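Close look at the chain arrangement
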Amino acid sequence: MPDTKITQLRSPQLQHQILLSRYLRGQQQEREPLPTDRSRKPYTEGIYRLFHTPVPLQLSQRLRPPLMLSTHIRSMASAASSFKYIIVGAGNAAGYAARQFVHHGVKPGELCLIGSEPYFPYERPALSKGVLMNPKARLPGFHTCVGSGGDRQSPEWYTEHGIIAKLGKPVTSVDATAKSVVIDGGETVTATEAVILATGAEPIRLSKTPGHDLKGIHYLRENDDGVALADALQANKDKWVMVVGGGYIGMEVAAAALTVGCKVKLVFPENHLMPRLFTPDIAKHYEKVFKDKGAVFFNNGRLCKAFLGDDQAYVRGAKICQNGQGDIEEDASLIVVGVGARATTALFKGQVDMDQRGGVVTDATLATSVTGVYAIGDIATYPLKMYNNRPERTEHVQNARETAAHAVDAIMTGSNEPYDYLPYFYSRIFNLSWQFFGENVGDNTVIGDFDPKLLSVWVKDGKVHGIFMEGPSADDTANMKNVARDQPALDLEAFRQCKTVEEGWKLLL
Ligand SMILES: Cc1cc2nc3c(=O)[nH]c(=O)nc-3n(C[C@H](O)[C@H](O)[C@H](O)COP(=O)(O)OP(=O)(O)OC[C@H]3O[C@@H](n4cnc5c(N)ncnc54)[C@H](O)[C@@H]3O)c2cc1C
């Protein structure tokens, strides 16, 4: 942006943010005086050192740690208390919402992002698929929207677009009708046009299990959890790590632990992995991969009954009950719990209509029961158009991305287009990668044996309702989407006779 345009901006904070961003990008010449915002308090000592170090730094180094930059931006923007648009929660969905606001030409200073994590929005799935195994997979490397092939919206992207970020402190109360929120019991921020609620989900904690507060018990939801767990896995190489929970978080964490060089025990009560999606026939292929790598399974009715600690209050294992056959004690020097999540919506109770499971009920444009207030991502219970508008809450990243874009379209253009999501889920472990589209209802059949693919369909009333594939190509993915949408008729007996995945596809297309 030319300097004349910068000085035309009304807010000195915005002028300052743009100059600062240029400096970070190396566009501001090093010999020029560093941008300072004289209308604000001086930088904290940490910030001062970050920007005044005599050693030329790479951009990535200058941005570390993100907390400093976020704190800095927050301090610059704290005077503003009214914005056209506010997003509460600066996670995965919020990053995509910000992108869509920019796409629709939001003006500098109109949008404010408020998040309790001290980081700009990032692709949360990267925590279990990158951060745990790869020390180079760290922020700012996986800010939204890289997960869907979009631009990486680094902190300076927000600055350049005049998006005010108030990060590192939670919203502690909400007045939906007034479209205003209070941050950490202090600053009140009000929206004149729209508020988007995007507070995501939080892990269910085994807080009633004896020993739950021992050191060495981890959960995985936020970036800090991921980095702490990555360090803990490194420190526990060649030792036993216990993963409690057999869903996708449990599977991905177990795979990461094995990849890092830990030994793994998996504890979950169901009789196979991913019980909400996989059939036993699908699960057995993935279980074999884990077992071949040395993982030991404690499942089929077995539950973690208590965490056991040493005299330093550090976890040393767990007591597992064995389906009515007494308890056993299993050693582990680190335990990771992944037993599901629930919507982070306690703040919104009594403010907007909610369902019994804590979802914020929306219409087909993601609008809540209060005018001008929208809900996106994991918290939104929306009418799922392709299944007769049945209410659906979806804790999946693609839904976070798409609800975000859809709600912003409705806000910025007045569109009444109904949200039309195709249920989708994916996961990656080791060198495996699977995708699922549709719904897993009806009879299921599996073709193939990871050689290298596997194809599976759910058929109800003679039609395909759900389709699963290990190792899909881009063409396979496109075909899977079509199958899940079109629900073609399928002769299940003929499909069962197919010897290869390719033969199976011929019957589906
Ligand atoms: C480890 C992991 C792996 C995953 N892998 C996959 C996958 O492979 N495939 C898939 O489809 N999905 C996956 N998911 C799920 C996916 O990440 C979520 O569906 C997605 O993040 C939802 O986006 P969201 O913005 O609704 O919530 P989030 O991304 O959780 O963002 C919500 C943000 O709001 C903040 N917040 C909460 N309360 C407040 C408050 N009071 N004030 C301010 N801020 C607040 C939170 O701290 C958080 O930063 C994974 C999730 C995790 C944790």
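As shown above, the structure is provided for reference.
Here is a short report on the structure shown in this document. (Residues numbered from 1 in each chain as written. Predicted model: local features only at pLDDT ≥ 70, side-chain atom pairs only at ≥ 80, totals over all residues. Heavy atoms only, no water.)

**Some remarks on the overall build of the chain**
For the chain, the helix and strand inventory stands at 15 helices and 25 strands. Here the chain holds 509 residues, and the buried ones make up 53% of them. Here the chain displays about 22600 Å² of accessible surface, and carbon together with sulfur accounts for 48% of that area. (Helix = DSSP H or I, 4+ residues; strand = E, 2+ residues; numbered from the N terminus. Buried < 20%, exposed > 50% of the residue type's maximum accessible area, 1.4 Å probe, protein only. Areas by Shrake-Rupley, 256 points an atom, 1.4 Å probe, with all protein chains shown as cover.)

**Re helix α12 (residues 397-413)**
An ideal rise of 1.5 Å per residue puts 24 Å on 17 residues; α12 measures up with 24 Å between its terminal C-alpha atoms. Among the residues of α12, those classed as buried are Val397, Asn399, Ala400, Arg401, Thr403, Ala404, His406, Ala407, Val408, Ala410 and Ile411. Downstream of α12 by a residue or two, Gly414 has a phi angle that is positive, lying close to 75°. (Expected span 1.5 Å × (residues − 1).)

**Overview of the pattern of salt bridges**
If you walk through the whole model with that rule in mind, you get 17 salt bridges. The salt bridge partner of Lys84 is Glu110, with a shortest N-O separation of 3.7 Å. Of this pair, Lys84 sits in strand β1 (residues 82-88) while Glu110 sits in the loop between α6 (92-103) and β2 (111-115), and the two are 26 residues apart along the sequence. For Lys84, a relative accessible area of 31% corresponds to the partly exposed category. For Glu110, a relative accessible area of 15% corresponds to the buried category. Among the ionic pairs, Glu330 bridges to Lys265, the shortest N-O distance being 2.8 Å. With Glu330 in strand β14 (residues 327-331) and Lys265 in strand β10 (residues 263-267), the pair connects residues that are 65 residues apart, well separated along the chain. The same class applies to Glu330 and to Lys265, which are both buried. (Salt bridge = Lys/Arg side-chain N within 4 Å of Asp/Glu carboxyl O.)

**Concerning α6**
Taking 1.5 Å per residue, 12 residues should reach 16 Å; α6 reaches 17 Å between its end C-alpha atoms and fits that length. With respect to burial, α6 is a largely interior element, nine of its 12 residues being buried. Here the buried face of α6 lies against β1, β2, α8 (155-160), β6 (188-197) and α12. A positive backbone phi angle near 85° is found at Gly105, which sits one or two residues after α6. (Contact = heavy atoms within 4.5 Å.)

**Topic: the site of the ligand**
Residues in close proximity to the ligand total 34 residues, the closest being Glu117, Arg124, Lys129, Arg221 and Asp378. A distance of 2.6 Å separates an oxygen atom of the ligand from a polar atom in the side chain of Glu117. A distance of 2.8 Å is found between an oxygen atom of the ligand and a side-chain nitrogen or oxygen belonging to Glu222. Considering the ligand on its own, with 990 Å² of exposed area, one finds that the protein chains cover 96% of that surface. Elements with a contribution of two residues or more to the shell around the ligand: α6, β2, α7 (126-131), α10 (248-260), α12 and β21 (424-429). The element best represented in the shell around the ligand is α10, accounting for three residues. In terms of residue class, the shell around the ligand is built from 15 nonpolar, 11 polar and eight charged. If you count residues domain by domain, the shell around the ligand takes at least three from each of domain 1 (65-201 + 341-422) and domain 2 (217-339). (Near = heavy atom within 4 Å. Polar contact = N/O pair within 3.5 Å; in protein donor to acceptor, adjacent residues only side chain to side chain. Nonpolar A, V, L, I, M, F, W, Y, C, P; charged D, E, K, R; others polar. Domains from an automatic or database assignment.)

**Things to note about the sheet that holds strand β25 (residues 463-470)**
As a general point, the strands of a sheet are linked pairwise by backbone hydrogen bonds and lie either parallel or antiparallel. Strand order in this open sheet of five strands is β21-β22-β25-β24-β23, and the pairing throughout is antiparallel. If you trace the sheet from one side to the other, it starts and ends with β21 and β23 (443-447), each paired once. Direction aside, the axes of adjacent strands within the sheet are offset by 15° on average. Pairing analysis gives six bridges linking β21 to strand β22 (residues 432-438), with the strands arranged antiparallel. Bridged to Phe425 within β22 is Phe436. Along the sheet, helix α11 (residues 280-292) makes contact with β21, β22, β23, β24 (454-460) and β25, crossing β23 at roughly 45°. The strands that helix α13 (residues 474-486) touches are β22 and β25; relative to β22, the one it contacts most, it runs at about 25°. (Pairing = 2+ DSSP bridges. Axes fitted to C-alpha atoms, helices over the stretch in contact; angles between N-to-C directions.)

**With respect to the environment of Thr371**
Note on placement: Thr371 falls in the loop between β17 (360-361) and β18 (373-375). Residue classification places Thr371 among the exposed residues on the basis of a relative accessible area of 70%. Thr371 sits 176 residues away from Val195 along the chain, and the two C-alpha atoms are 9.5 Å apart.

**Details of the nonpolar core**
Ile467 and Leu508 are the most contacted members of the largest nonpolar core, which has 84 residues in total. Here the element with the most residues in this core is α12; it accounts for seven residues. In terms of domain composition, this core takes at least three residues from each of domain 1 (65-201 + 341-422) and domain 3 (431-508). Counting 47 residues, the second largest nonpolar core, distinct from the first, contains Ala257, Met274, Leu334 and Trp458. (Core = buried A, V, L, I, M, F, W, Y, C linked by side-chain atoms within 4.5 Å.)

**Side note on the sheet that holds strand β13 (residues 315-322)**
A sheet is described by the order of its strands in space; here three strands give the open sequence β12-β13-β14, paired in antiparallel fashion. Single-partner strands in this sheet number two, and they are β12 (302-309) and β14. For this sheet, the mean angle separating the axes of adjacent strands, direction not counted, is 30°.

**A look at the pairing of β12**
Looking at chain direction, β12 and β13 are connected through seven bridges and run antiparallel. Across the sheet, Cys304 pairs through a bridge with Ile320, a residue of β13. Taking the residues between adjacent antiparallel strands as the criterion, β12 and β13 are bridged by five residues, where Ala313 takes a positive phi near 60°.

**A word on a negative patch on the surface**
Residues Asp449, Asp451, Glu502 and Glu503 make up a contiguous surface patch of negative charge. Residue classification places Asp449 among the partly exposed positions, given a relative accessible area of 48%. (Patch = residues over 30% accessible without salt bridge, like charges linked within 9 Å, V, L, I, M, F, W, Y side chains within 5 Å. Lys, Arg positive; Asp, Glu negative; His and termini not counted. Charge placed at Lys NZ, Arg CZ, Asp CG, Glu CD.)

**Focus: the side chain of Asn444**
The residue Asn444 is located in strand β23 in this model. Reaching out from Asn444, the side chain makes a polar contact with the side chain of Ser456 at a distance of 2.8 Å. Among the polar contacts listed, one links the side chain of Asn444 to the backbone oxygen of Val457, at a separation of 3.2 Å. In this view, Asn444 contacts Thr279, Ile282, Ser456, Val457, Trp458 and Arg496; residues no more than four positions away in its chain are not counted.

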